[in-house]
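Notes for the structure review
Spelled out from the first residue to the last, the chains are:
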Amino acid sequence: MSEPCIFCEIIARRATASFVAESDLAIAFLTIGPLREGHALVIPKRHVVEVPDAAARELGAVFALGQEVAIRQRRTLGSHGETLFLASGAAGEQSVFHMHLHVVPRHDGDGIGLAAWWGTKMHRAERAALDATAARLRA
Ligand SMILES: [Zn+2]
């Protein structure tokens, strides 16, 4: 028998979590490993592993609840921005294999440095290469 999914255990209230918000298809709670106070995870209530496994309505529910969490973070914690982050699949560096959207409350100059990190990883693509890849993705 495989290990129970910790997020499904949280949904079933067999594992503890600090809940923030809930809708028909999604639920939000605080991560035990926050980057900042109020850092929440939003998950579909159904056991969905990765992005391709989710129904469109589940993705919509997760992002809609993520928006509600962001609004609550701004109102109660004084954040004035947020970073939404979703790692999908082992290659996408997903850690818990029940799809989850991170909603990280952000403040000016909070030192997380996402843009700086991004700048070290990105490269400038040529238009011809972009067009060729886009054509493959449209096929
Ligand atoms: Zn699960």
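Refer to the preceding data block for the structure.
I will try to describe carefully the structure that is included in this document. (Residues numbered from 1 in each chain as written. Predicted model: local features only at pLDDT ≥ 70, side-chain atom pairs only at ≥ 80, totals over all residues. Heavy atoms only, no water.)

**Focus on the coordination of the zinc ion**
Protein coordination of the zinc ion is provided by Cys5 (SG), Cys8 (SG), His47 (ND1) and His98 (ND1), with donor distances spanning 2.0 to 2.3 Å. Bound by four donor atoms, the zinc ion shows angles of 105 to 119° at the metal and therefore tetrahedral coordination geometry. Counting residues between consecutive donors of the zinc ion along the chain gives the motif C-x2-C-x38-H-x50-H. Cys8 sits in the partly exposed class, given a relative accessible area of 21%. (Donors = N, O, S within 2.8 Å, 3.2 Å for Na, K, Ca; no water. Tetrahedral: all angles 85-135°; square planar, octahedral: opposite > 155°, others 65-115°. Buried < 20%, exposed > 50% of the residue type's maximum accessible area, 1.4 Å probe, protein only.)

**Quick notes on the sheet that holds strand S2 (residues 26-30)**
One open sheet holds the five strands; their spatial order is S1-S2-S3-S5-S4, and the pairing between them is antiparallel. The open sheet is flanked by strand S1 (19-22) and strand S4 (81-85), the only strands paired with a single partner. Across the sheet, the mean angle separating the axes of adjacent strands is 20° when strand polarity is ignored. (Pairing = 2+ DSSP bridges. Helix = DSSP H or I, 4+ residues; strand = E, 2+ residues; numbered from the N terminus. Axes fitted to C-alpha atoms, helices over the stretch in contact; angles between N-to-C directions.)

**As for the environment of Gly92**
Tracing the chain through its elements places Gly92 in the loop between S4 and strand S5 (101-106). Taking the C-alpha atoms as reference points, Gly92 and Asp110, 18 residues apart in sequence, are found 25 Å from one another.

**Topic: the environment of Gly81**
By the secondary structure assignment, Gly81 is in strand S4. If we skip the residues at most four places from it in the chain, Gly81 touches Arg74, Val104, Pro105 and Arg106. (Contact = heavy atoms within 4.5 Å.)

**Describing the nonpolar core**
Counting residues in hydrophobic clusters, the biggest one holds 15 residues, and the most contacted among them are Ala26, Ala28, Val42, Val62, Leu65, Val69 and Val103. Looking at this core, the elements with two or more residues in it are S2, strand S3 (40-44), helix H2 (56-77) and S5. The biggest single contributor to this core is H2, with five residues. Those residues in contact with Val62 that lie beyond four places of it in its chain are Ala26, Val42, Ile43, Pro44, Met99 and Leu101. In this structure, Cys5, Phe7, Ile11 and Ile43 belong to the second largest nonpolar core, which totals nine residues. (Core = buried A, V, L, I, M, F, W, Y, C linked by side-chain atoms within 4.5 Å.)

**Section: the pairing of S2**
S2 sits mainly inside the fold: four of its five residues count as buried. Here S1 runs beside S2; their pairing, made up of three bridges, is antiparallel. What sits directly across from Glu22, in S2, is Ile27. Hairpin connection, S1 to S2: the antiparallel pair is bridged by three residues. Bridging between S2 and S3 involves five bridges; their strand directions are antiparallel. What sits directly across from Ala28, in S3, is Val42.

**Structural notes on H2**
Structural remark: α-helix, 3.6 residues per turn; residues separated by three or four positions point the same way. Along its 22 residues, H2 runs 31 Å from first to last C-alpha, staying within 8% of the 32 Å computed at 1.5 Å per residue. Along H2, the residues classified as buried are Glu58, Ala61, Val62, Leu65, Gly66, Val69, Ala70 and Gln73. Two residues or fewer past H2, Gly78 is found with a positive phi of approximately 80°. (Expected span 1.5 Å × (residues − 1).)

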